[in-house]
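So the chains spell out like this:
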Amino acid sequence: MAVVTRRTFVKTGAGALGGAAAAQSFLFGASSPAGAGTPIALQAPVEDVVPTTCWIGKQDCGMLAHRVDGRVIKFEGHPANPRNNGTLCPKGQAQIVSLYDPNRVKWPLVRTNAKGEPGEWRRASWDEALEMTAVAVNEVRERDPSLVLWQKGRSKAKGFYDTAFVKAIGSSKLGHGAYCSDTGYRALEYTIGTHAVLHPDFRYTNFMLSWGWNITNAGGNKFCWLTWPQHMVKARDRGMKIAHIDPRLRSAGPFADEWLPIRPGTDLALALAMCHELIAQDYLDRPYLTAYTNAAFLVKSDGMFAKRTVGEGDEAEDLPLVWDEAVSAAVPFAEAQSPALEGSYDVDGERVTTAFDLFREHVAQYTPEWAADVTGLPAVQIRDVATEFGENAQIGSTIVVDGVEVPYRPVGIMAYHMAQQELGFQALRTMTMVPMLVGAVGAAGGQLSDFTWKIHNNYPKFEKFEVADPPYDFMLNNSKYFPINTGFPGMVAKVMIDPERYGVEDLPEVAILHMVNPLGSFTSQPEFLESYGKFKFVAVISPWLSETADYFADVVLPSATIEKYEGPISATNQYIEATTLRIPPMDPLFESKGEIDIYMDLSEKMGVLFGEGGYLDQVNGALGLEDDLSGFAIPTDRKPTVREIFDTWAKAQGIEEGVAFFEDPQHSVFVKGAMSPTKMYGYVTDPPFGGALHRLYGDSLLDAQRQMQAKGADEIYWQDYTALPTWRAPTMDQSPDEYEFYMISYHMIEHKQSRTSFIPLLAELAPGTRVDINPAAAARLGIEDGDTVTIESHNAVTGETRSMTTTAAFCEGIRPDTVGVPHHFGLWTHPQNEGQGPSPNEIFFTGEGYMAMTADQSFHVKVRISKGGDA
Amino acid sequence: MTKYAMIVDLNRCQGCRACMEACKIENNTSEAMFWMYVFRFEEGTYPDTRMSFLPRPCQHCDNAPCVKVCPTGSRFKREDGIVLTDPDRCIGCRYCELACPYGVNYFNWQKPQEAQYAEAIDWSDPDIQDATQGAVPPYKNPALDELWGTEQRRTAGGSHAKGVMEKCTFCVHRVEEGGQPACVETCPVTALRFGDVDDPDTPISRFIREHETWHLLEEAGTEPNVLYVGGKPPSHGYREVERPKARV
C-alpha cells in the first residue's frame with residue numbers, strides 16, 4: 001500500500017558492538033559520550049511513506065506518515081494537498097505522541113461504580129460492550145427513537161456518523177455548533193442564504209476588517225488556522241491592509257496595521273456605526289441594493305412588507321411589492337422594471353416606505369460619536385475605518401477573472417468565533433450589511449462566505465416562522481423561546497434539569513457521545529454535572545477517557561486516532577477543489593477500532609445494519625451511491641470492510657484505481673481543478689447569488705417577535721427579534737460595578753479545544769492556563785505579573801457567582817477593562833493535566849442573558865479579580 | 001562551492017512554533033530543549049502596543065565563537081557553512097555555550113531517554129513497546145545516529161548522550177540527502193527559507209537580492225548565515241510573552 005524507498009543506512013562496518021549493545025544504542029542512544037564507538041543496526045531498516053490526513057484539527061490537512069520498519073517516526077505535510085501545501089502546524093506535528101500514548105483507552109470499558117464521580121472500570125470484550133449498548137439503546141428506541149440522543153463534538157466523516165447512523169437508528173442529534181460560531185451561520189443563512197460566516201477573497205481583497213479573527217492562533221470560517229494564514233501572507237505581499245477589531249492584540253500579532261481594541265460584546269454597535277457612516281458618505285451600491293436585496297421592498301406602518309395576492313386558488317401567492325418608477329405604481333418585485341430604492345408612497349390607501357429608507361432612518365442614530373461611548377473606540381477611528389472601507393470598495397468597478405467579468409469590490413470582513421456573544425446574531429447580520437451597502441457581497445475581492453453560492457434550506461425556512469405552543473421537544477425546536485434554534489447542548493442540559501419550566505414533557509433517556517466532551521470543553525459545567533447524571537445509559541466513543549466519560553459513561557468504546565480509514569475529506573483551499581481520504585499509517589493500536597467499524601458493529605448488534613433503511617443503505621445514500629446506476633454501491637446484505645466501502649466510493653468518483661489511488665503517496669489527493677468564478681462570485685452564478693434575495697430588512701423576525709409575545713414568552717427571549725438590527729446593552733452589563741472586567745476566552749495555536757492539552761509536546765509549548773490582564777489595571781489591584789489571582793464571575797440574571805484561581809500574565813495588548821483566559825485546560829483524566837489549571841468554562845454561565853437569540857452560547861461574562869487564592 | 005544559509009522572514013512569521021515542534025520530532029531532542037526557538041515579544045504600552053515574533057535557530061556563523069573555543073575540535077565548521085558538533089569528541093566543558101552570544105547551545109544533563117516526557121507517558125508500557133520496538137521516544141529517528149558528510153561523524157545529533165553539548169544542525173541529515181531542514185519544511189507561511197547562497201540562481205539567492213536583510217547581533221562580528229528579513233532587531237523595550245517550558 002505504500003511506496004518503499006530504501007536508503008543506505010549502514011555506512012561503516014565497525015562490528016565492535018554486539019547485537020544487544022547495538023540495539024540498545026539504536027533505541028536509546030549511546031549512554032556515554034565520547035569514544036563509545038559507532039552504533040550500527042544489523043539490518044537496513046525499511047523506510048516508507050503512507051499518505052494520510054491530520055486528525056487533530058478541523059480541516060484534516062494532508063500528511064505523509066514517514067515510517068521505519070512500520071513504525072511512524074514523523075508526520076509531514078502532504079505537498080500535493082492544496083489545503084496545507086506540504087506544511088503542518090504545531091498540533092499536526094505533535095499528534096505523533098498521542099498516537100503512541102499508553103494513556104489512551106486501550107480496550108472497551110464497563111463502569112463498576114456509581115455515576116457522577118470519577119469512574120472505576122473493568123475491561124470488557126467488544127462483544128459485551130456493544131451488546132450492552134445495543135440493548136440499552138434499543139429499549140428506548142423501540143418506544144421513541146427521538147429519546148435516544150446522538151451527540152458529537154467533532155465529526156470527521158459526517159456521512160457515516162451524523163447522517164447514516166443517526167438516520168438508521170432514528171435518534172435525535174446534537175452538535176457542538178452552539179459553542180462554535182453557529183449564531184454567525186444562522187445570521188448569514190438569514191441574510192444572504194449561505195451556510196457560512198464571513199471571509200474575504202484573499203486573492204483580490206485590498207482592505208480587510210479582521211473582526212475578532214484570531215489570525216495567528218485559530219481558524220476562521222470553514223478552515224483551521226493554517227490555510228487562512230497561507231492566503232493572508234500572500235495578500236500581504238500584494239499590499240493588503242488589515243484593520244484588526246478585537247479586545248486583544250495578540251490575536252493579530254504583528255499583522256494589525258491598525259488595532260481597534262473594542263469593548264467585548266459591542267460589535268453590533270460598531271457595525272451599526274459603520275453602516276451609518278457608509279450611508280452618510282454615500283458609499284452605496286444602489287444597483288446591487290435594488291436588484292439583489294429586499295431594500296426596495298415597501299414596508300407598511302406595522303413593520304411588515306406590503307404584499308399583493310397574485311394567482312388564484314392553490315397557485316395564489318402573497319408577493320412583496322416595490323414602487324416601480326417606470327409605471328409609478330406598486331408592483332410585485334419580480335415584475336418591476338425600475339424599482340425605487342428610496343421614498344414613501346401611497347399604496348392601497350396606506351403610506352408605505354422602502355426598507356432602505358427605514359434602514360437609513362434607523363441607523364441615523366448610530367453615529368460614530370454614539371458608538372465611541374458604547375465600544376470604547378475613538379469616534380475618529382470608527383469614522384476613518386468606515387471611510388477606508390468605502391473608498392477601497394471602488395463601487396461600480398469590475399475585473400475579469402478567468403475570462404469572466406465580475407464586479408470588483410476589494411474589501412471584506414473575516415469574522416468567525418466572535419459571533420459567540422449575546423447579540424451575536426444581529427451583530428453578524430449587521431456586519432454582513434456593511435459589505436452589502438457597498439455591493440461587496442459576492443464580488444471579486446469582496447465579501448465571501450461559503451465557497452459556493454449553495455443556498456441553505458434555512459434561507460426559505462426563515463421566510464416565515466411558525467412559533468408553536470408547548471409541549472416542545474427537548475431541543476426546544478419551534479418554541480416561543482428560540483424560533484431560530486441552533487441546538488444548544490447547554491439549553492438541553494437546562495431543560496433536562498427543569499423540563500416543566502420550558503414546557504417539555506419527554507426527555508432523552510440514553511446518549512451516544514461521539515468525540516465530544518461536554519464536561520471538558522462546553523460550558524457551563526454545573527448544568528452538565530446535574531443533567532448527564534439523568535441519562536439511564538451513556539456510551540462514549542472516544543480514543544481518550546474524556547472527563548464526561550469519567551463521570552457519566554456506562555460503556556466506553558475505544559476509537560482509533562489517526563490509524564483508520566475515514567472520509568471522504570475535502571482538500572479544497574477555496575480556490576482549488578480537491579478530495580482525499582484518511583489512510584491508516586498503522587493498524588489501530590491496542591484494541592481500538594475506527595469509528596466506521598464501530599458503527600457497523602453497533603448497528604449489527606442493534607439489528608439495523610442490513611436491508612432497506614439500514615446503516616449500509618444509509619451509507620450508500622450519504623455517499624451518493626444509492627441509485628446504483630453507476631454500478632457502484634456497497635452491499636446491504638453483508639458487512640463490508642471499511643476499505644471496501646471507500647474503494648466503492650472512489651470508483652464511483654471515476655477514480656479507476658479505487659481506494660488504492662488514495663493509498664499511493666504519489667497520488668492520494670484527488671484534485672478536481674480550479675474553482676470557477678461562476679461558482680465563487682455571487683454576481684455571476686446562475687441564478688445570481690444562488691437565487692437568494694439578500695435580506696436588509698427582516699420582517700419575518702418582527703413577525704416571530706409578535707408570535708413569541710402572543711404566546712407569553714418573556715422579553716429576554718424576544719427582545720432581539722427585530723426587523724432592523726437594534727442596539728441594546730448586553731445583559732452582563734447589569735452586573736454590579738465591582739465586577740469591573742469583561743472576561744473573554746480564547747484559542748491558542750498550540751491547542752485544539754480540549755483534546756490536546758494532554759499531549760506532552762504541546763503542553764511543553766503552552767503549559768497551562770493564565771489570565772491576561774493589562775498591567776495598569778493590575779496595578780490598581782496590587783497584582784504583579786505571575787501572581788496567583790482569583791477570578792469571580794457574576795450572573796446578572798440569577799445573581800449566582802462562580803470563581804476560579806489562576807496566574808496573572810501581564811499583557812499590554814489587552815483592554816484595561818478586559819481579561820482573557822485560554823480555554824484549553826481544566827482537564828483531569830490524563831497525567832499530563834496535573835497542574836495545568838482550570839478552564840474559564842468553569843465560570844461562564846449558560847442560559848438566559850448568556851446566550852444569543854438563536855440558542856448559542858455567549859463566551860462573555862463580567863468578573864472581578866483579586867490577588868491570592870488556592871492555586 | 002555550496003554555502004548554506006537560512007532566511008527568517010519576519011513579514012510572514014506568525015509565531016506558531018510549528019518549526020520548534022518539527023525540529024523536536026525530527027531531531028528527538030529532550031524535554032525543554034529547542035534547537036529552534038521562537039520568541040513572542042510585546043513592546044509599548046496600551047493602546048500603542050506592538051507585537052513581534054522572532055525565530056532563533058543556531059546562526060551557523062562564519063566567524064563562530066563556539067568553534068574557536070572548543071578544545072577538542074568537537075564543534076567545527078564545514079566548508080558548506082554548517083556548524084556541527086561531534087558528540088563523540090565533546091567532553092562537555094560547555095565553553096561553546098559561554099562563547100555563543102545567541103544562546104543556542106544545550107547541555108545534556110540527563111540521559112536522553114529519561115528526559116522524554118516520562119511524567120506524562122510511561123514508555124515502558126508493554127503495548128507501546130510492542131508497537132514501537134521499544135524506541136524512546138517512539139518517533140526516534142535512526143538517521144540521527146548515522147555518519148554524515150565527508151567528515152563521517154555522527155553530526156546529526158547522534159544519540160543525545162548525557163554530558164555532551166548539542167544544537168541545531170540545519171538538519172544536516174536531511175540536507176545531505178537533498179532535503180530541507182525540518183523547520184523550513186513545516187513552516188505553514190514560508191517564513192523560513194533555506195538553500196545554497198553561493199549559486200546565484202537558487203531561489204534563496206534571488207530572494208536575498210530582492211530583499212533587505214539583517215543579522216542578529218550584527219555588532220558581535222559573528223557573521224551569521226541566518227539572515228532576517230522584515231521586522232527589526234529586538235531591543236531593550238521588548239518583553240517576552242508566552243514562554244514555553246524551555247531552557248532558553
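This structure is a prediction, so every number in the text was calculated from the model and none was measured.

Scoring rules and cut-offs
Residues numbered from 1 in each chain as written. Chains lettered and ligands numbered in written order. Predicted model: local features only at pLDDT ≥ 70, side-chain atom pairs only at ≥ 80, totals over all residues. Helix = DSSP H or I, 4+ residues; strand = E, 2+ residues; numbered from the N terminus. Rg over C-alpha atoms; globule rule 2.2 N^0.38 Å. Buried ≥ 20, exposed ≤ 12 C-beta atoms within 10 Å, placed from the backbone. Contact = placed C-beta atoms within 7 Å. Pairing = 2+ DSSP bridges. Axes fitted to C-alpha atoms, helices over the stretch in contact; angles between N-to-C directions. Parallel < 35°, antiparallel > 145°, perpendicular 65-115°, else oblique. Left-handed = near helix turned anticlockwise from the far one by under 90°. Nonpolar A, V, L, I, M, F, W, Y, C, P; charged D, E, K, R; others polar. Arc of directions from axis to C-beta. pLDDT = per-residue confidence, 0-100. Expected span 1.5 Å × (residues − 1).

Re the overall build of chain A
Scanning chain A for helices and strands turns up 26 helices and 34 strands. In terms of overall size, chain A behaves like a compact globule, its C-alpha atoms giving a radius of gyration of 28 Å where 871 residues would be expected to give roughly 29 Å. Its C-alpha atoms put chain A at 100 × 75 × 60 Å along the principal axes. Every one of the 871 residues in chain A was classed for burial, and the buried ones make up 60%.

Observations concerning the overall build of chain B
Across its full length, chain B holds seven helices and 11 strands. The C-alpha extent of chain B, read off along each of the three principal axes, is 55 × 45 × 35 Å. Going through the 248 residues of chain B one by one, you find that 53% of them count as buried. When contacts within chain B are restricted to residue pairs at least 6 apart in sequence, those whose partners lie at least 24 apart make up 64%.

Describing the sheet that holds strand β3 (residues 50–56) of chain B
The strands making up a sheet associate through hydrogen bonds between their backbones, and the pairing can be parallel or antiparallel. Residue and element names in this part refer to chain B. Spatially, β3-β2-β11 is the arrangement adopted by the three strands of the open sheet, whose pairing is antiparallel. For this open sheet the edge positions go to β3 and β11 (239–240), each flanked by a neighbour on one side alone. Taken together, the seven bridges between strand β2 (residues 37–43) and β3 define a ladder with antiparallel strand orientation. Paired with Phe39 across the bridge in β3 is Leu54.

Some details on the packing of helix α7 (residues 267–280) of chain A against helix α11 (residues 379–392) of chain A
Residues and elements named next belong to chain A. Between α7 and α11, the least distance of the axes is 9 Å, while the angle of their chain directions is 60°. Accordingly, the angle class assigned to the pair α7 and α11 is oblique. The handedness of the crossing between α7 and α11 is right-handed. The residues of α11 that touch α7, namely those facing Leu270, Ala273, Met274, Glu277 and Leu278, are Ile382, Arg383, Ala386, Phe389 and Gly390. Classifying every residue of the contact of α7 with α11 gives seven nonpolar, one polar and two charged.

Topic: the interface of chain B and chain A
Taken together, the 68 residues of chain B in the interface contact 68 residues of chain A. If you list the elements that add at least two residues to the side of chain B that touches chain A, you get α1 (18–27), β3, α4 (126–132) and α6 (182–186) of chain B. Ranked by residue count, the leading element in the side of chain B that touches chain A is α1(B), at seven residues. Its residues placed into classes, the side of chain B that touches chain A shows 31 nonpolar, 18 polar and 19 charged.

What to know about the pairing of strand β16 (residues 329–332) of chain A
Residue and element names in this part refer to chain A. Bridge count between strand β15 (residues 317–324) and β16: four bridges; the pairing is antiparallel. If you follow Leu321 over to β16, its bridge partner there is Pro332. Between β15 and the antiparallel strand that follows it, β16, lie four residues; Ser328 among them carries a positive phi value of about 50°.

Description of helix α9 (residues 355–363) of chain A
Of the residues making up α9(A), those classed as buried are A:Ala355, A:Phe356, A:Phe359 and A:Val363. Seen end-on, α9(A) carries its buried residues on one side only, within an arc spanning 100°.

Description of the sheet that holds strand β28 (residues 669–674) of chain A
All names here are of chain A. Spatial ordering of the open sheet is given by β26-β27-β28, a layout of three strands whose pairing is antiparallel. Of all the strands in the sheet, just β26 (566–570) and β28 have a single pairing partner and so form its edges. Across the sheet, the mean angle from the axis of one strand to that of its neighbour is 10°, orientation sign disregarded. Note that β26 and strand β27 (residues 576–582) share three bridges and pair antiparallel. If you follow Ile569 over to β27, its bridge partner there is Thr580.

Here's the deal with unusual backbone geometry
Here A:Thr523 and A:Ser524 are connected by a cis peptide whose omega angle stands at 5°. Following the sequence through the fold, A:Ser524 ends up in the loop between α15 (518–521) and α16 (525–531). In this model, A:Gly567 is joined to A:Pro568 through a cis peptide bond whose omega is -10°. One non-glycine residue, B:Gln152, lies in the positive phi region at around 50°. Secondary-structure assignment places B:Gln152 in the loop between α4 and β7 (165–166).

Structural notes on the confidence of the model for chain A
Mean pLDDT over chain A: 94, with 95% of residues reaching 70 or higher. Confidence drops under pLDDT 50 across residues 1–41 of chain A; counting only partners more than four residues distant or on other chains, this segment forms 84 contacts.

Some words on helix α3 (residues 126–143) of chain A
Its 18 residues give α3(A) an end-to-end C-alpha distance of 26 Å, which sits within 8% of 26 Å, the value for a rise of 1.5 Å per residue. Of the residues making up α3(A), those classed as buried are A:Ala129, A:Leu130, A:Thr133, A:Ala134, A:Ala136, A:Val137 and A:Arg141.

Structural notes on the packing of α7(A) against helix α10 (residues 368–375) of chain A
Residues and elements named next belong to chain A. The interhelical angle for the contact between α7 and α10, taken along N-to-C directions, is 170°, at an axis separation of 9 Å. For the element pair α7 / α10, the angle class is roughly antiparallel. Contact residues: Ala269, Leu270, Ala273 and Glu277 in α7; Pro368, Trp370, Ala371, Val374 and Thr375 in α10. When the residues that make up the contact of α7 with α10 are grouped by side-chain class, the tally is seven nonpolar, one polar and one charged.

Quick look at the environment of B:His236
On the secondary structure map, B:His236 appears in the loop between β10 (226–229) and β11. Once the C-alpha coordinates of B:His236 and B:Ala131 are considered, the two residues, 105 residues apart in sequence, prove to be 50 Å apart.

Description of the confidence of the model for chain B
In this model, chain B carries a mean pLDDT of 96, and residues with pLDDT of at least 70 account for 100%. With a pTM of 0.95, the predicted complex shows an ipTM of 0.97.

Topic: the environment of A:Thr726
Among the secondary structure elements, A:Thr726 is positioned in the loop between α24 (715–718) and β29 (741–746). Expressed as a C-alpha distance, the spacing of A:Thr726 and A:Tyr366, which sit 360 residues apart in the sequence, is 9.6 Å.

Section: the pairing of strand β2 (residues 47–53) of chain A
Residues and elements named next belong to chain A. For β2, the buried fraction is high: five of the seven residues fall into the buried class. Of the pairings in the sheet, the one linking β2 to strand β3 (residues 62–68) comprises seven bridges and is antiparallel in character. Bridging across to β3, Asp48 finds its partner in Arg67.

Remarks on the environment of A:His667
All names here are of chain A. Mapping His667 onto the fold places it in the loop between α21 (659–663) and β28. Classification of His667 as partly exposed rests on a count of 16 C-beta atoms within 10 Å. Sequence separation between His667 and Gln734 is 67 residues; the distance between their C-alpha atoms is 58 Å.

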